[in-house]
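Observations on chain architecture
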Amino acid sequence: MTATDGTAVTVLGLGAMGRALAEALVGAGHPTTVWNRSPARAEALADRAAVAGTLGEAVSASPLVVACLLDHASVHETLDPVAAQLAGRALVNVTTTTPEQARELARWADGHGIAYLDGAIMATPPMIGGPGSALLYSGDDAVFEDHRAQLDLWGESTYFGPDAGRASLWDLAMLSGMYVMIAGFMHGAAMVGSEQVTAHEFATRAAPFLAAMTESLPAIAQVIDSRDYRPEGRQSLEFTELAHRQIRQASVDQGVGTEVSDVVHDLVRRQIAAGHGNEASERVYEEMRSGSA
Ligand code: FVH
């Protein structure tokens, strides 16, 4: 157990993630109070944490209250009835929300005299407190500074500024990259799977290839940030379009769905139709920024 400043912390929501957060606090010696809508999940921690009998007791037990619930609606459902008890306390909400939902919660908290820090967890529950666990925060900077020691127990903490929506925006942007990449992997697995190749076998080759491809993200970013889509040596939209046509034809021939690659193919074709065929494939970014995608 690490020596702590003894700050008491309350954790609301003991799903897979909330429990991991609470266990990290308990393990570091913080007096921890827990509450969960269905009491059985809280009772499982009774030997190490104080189990609050009511939500009001939970909130009143600590200067720092952490909410780790399902979604924005469940946060309001939980916190609205105890807004008065939360007044004067620090609320860190690590529930996944959209940026606008986070900003709405910040305004709600401000209206009730609650210091609000929004958080986004870039980790799975087993990763909490270990290497690779990163948490993004935005909102009240004093909450971030005053409770940095507690927040750092969960992973590397980064503060993105006073706009409470910022951490959520980064969170969902990174999740978009992850989900689309994994969908592309699954499409590839389905292609070779049509010839009895296991997904495992495909993964042994796809993982190092995709890892090598991610090394090119800074170079891609440089083209996008410069807004100069005619640098030497970049793959053109015309070339990328041909590759997508071939991916599509091969998928159809193998009896595999084309939905995932069709999305990218469409974006490429729209930029070509707008007269940019000879420009770098990074121009797809402009298609997305235009909001027409
Ligand atoms: N698990 C993960 O890998 C991800 C990693 C990235 C961040 N997320 C977000 O963390 C939030 C909680 O996720 P979780 O994994 O703990 O989720 P569950 O295990 O499903 O637990 C959900 C808890 O929320 C409680 N809850 C649901 N609805 C309500 C409600 N209307 N009022 C009060 N509490 C509610 C639920 O309670 P119960 O069902 O046990 O009674 C759980 O405590 C989430 O935003 C992820 O996106 C995790």
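All right, on to the layout of surface pockets then. Here the largest pocket defines a volume of roughly 2500 Å³. Val-180, Met-181, Leu-217, Ile-220 and Val-264 are, among the 47 residues lining the largest pocket, the residues nearest its centre. Elements supplying a minimum of two residues to the lining of the largest pocket: α9 (166–193), α10 (199–214), α11 (217–226), α12 (237–254), α13 (259–276) and α14 (284–289). The element best represented in the lining of the largest pocket is α9, accounting for 15 residues. For the lining of the largest pocket, the residue count by class is 30 nonpolar, 12 polar and five charged. Roughly 680 Å³ of internal volume is contained in the second largest pocket.

To continue, consider the pattern of salt bridges. Inspection of the entire model under this criterion finds 14 salt bridges. With its nearest N and O atoms 3.2 Å apart, the salt bridge here joins Arg-148 to Asp-152. A residue is classified by how much of its surface remains accessible, and Arg-148, at 31% relative accessible area, is partly exposed. The class for Asp-152 is partly exposed, based on a relative accessible area of 36%. Between Arg-248 and Asp-262 there is a salt bridge, and its shortest N-O distance comes to 3.0 Å. With Arg-248 in helix α12 and Asp-262 in helix α13, this pair connects stretches of sequence that are 14 residues apart. Salt bridges sharing partners connect three or more residues here, namely Arg-19, Glu-23, Asp-47 and Arg-48.

Moving on to the side chain of Glu-241. Position of Glu-241 among the secondary structure elements: in helix α12. Those residues in contact with Glu-241 that sit more than four places away from it in its chain are His-265, Val-268, Arg-269 and Ile-272.

Our next topic: the packing of aromatic side chains. Evaluation of the coordinates by the stated rule reveals four aromatic pairs. Ring plane angle 50 degrees and centroid distance 5.7 Å describe the contact between Tyr-137 and Phe-144, whose orientation is recorded as tilted. The burial state of Tyr-137 is the same as that of Phe-144; both residues are buried.

The subject of this paragraph is the site of the ligand. In the vicinity of the ligand, 22 residues are found, and the nearest of them are Asn-36, Arg-37, Ser-38, Arg-41 and Thr-96. Within the backbone of Ala-16, an N or O atom sits 3.0 Å from an oxygen atom of the ligand. Between the ligand and Asn-36 there is a distance of 2.6 Å, counted from an oxygen atom to a side-chain nitrogen or oxygen. Protein contact buries 76% of the 910 Å² of open area that the ligand shows by itself. Taken atom by atom, the bulk of the ligand overlaps the second largest pocket. Residue assignment for the shell around the ligand shows that the elements contributing at least two residues are α1 (16–27) and α4 (72–79). For the shell around the ligand, the residue count by class is nine nonpolar, 10 polar and three charged.

Okay, the pairing of strand β4 (residues 64–67) next. On β4, burial covers both faces: Leu-64 and Val-66 on one face and Val-65 and Ala-67 on the other are all buried. Two strands pair when backbone bridges link them, and strand β1 (residues 9–12) and β4 are joined in this way by four bridges, in the parallel orientation. Directly across from Thr-10, in β4, lies its bridge partner Val-65. As paired strands, β4 and strand β5 (residues 90–93) are joined by four bridges and run parallel to one another. Of the residues in β5, the one forming a bridge with Ala-67 is Asn-93.

Calculation notes
- Residues numbered from 1 in each chain as written.
- Predicted model: local features only at pLDDT ≥ 70, side-chain atom pairs only at ≥ 80, totals over all residues.
- Heavy atoms only, no water.
- 1 Å grid on protein atoms, 1.4 Å probe; cavity = no way out; pocket = protein on both sides within 12 Å on 5 of 7 lines; lining within 4 Å.
- Points joined across faces, edges and corners; volume = space filled by probe spheres on them.
- Helix = DSSP H or I, 4+ residues; strand = E, 2+ residues; numbered from the N terminus.
- Nonpolar A, V, L, I, M, F, W, Y, C, P; charged D, E, K, R; others polar.
- Salt bridge = Lys/Arg side-chain N within 4 Å of Asp/Glu carboxyl O.
- Buried < 20%, exposed > 50% of the residue type's maximum accessible area, 1.4 Å probe, protein only.
- Contact = heavy atoms within 4.5 Å.
- Phe/Tyr/Trp six-rings, centres within 6.5 Å; stacked < 30°, edge-to-face > 60°.
- Near = heavy atom within 4 Å.
- Polar contact = N/O pair within 3.5 Å; in protein donor to acceptor, adjacent residues only side chain to side chain.
- Areas by Shrake-Rupley, 256 points an atom, 1.4 Å probe, with all protein chains shown as cover.
- Sits in = over half its atoms within 2 Å of the grid points.
- Pairing = 2+ DSSP bridges.

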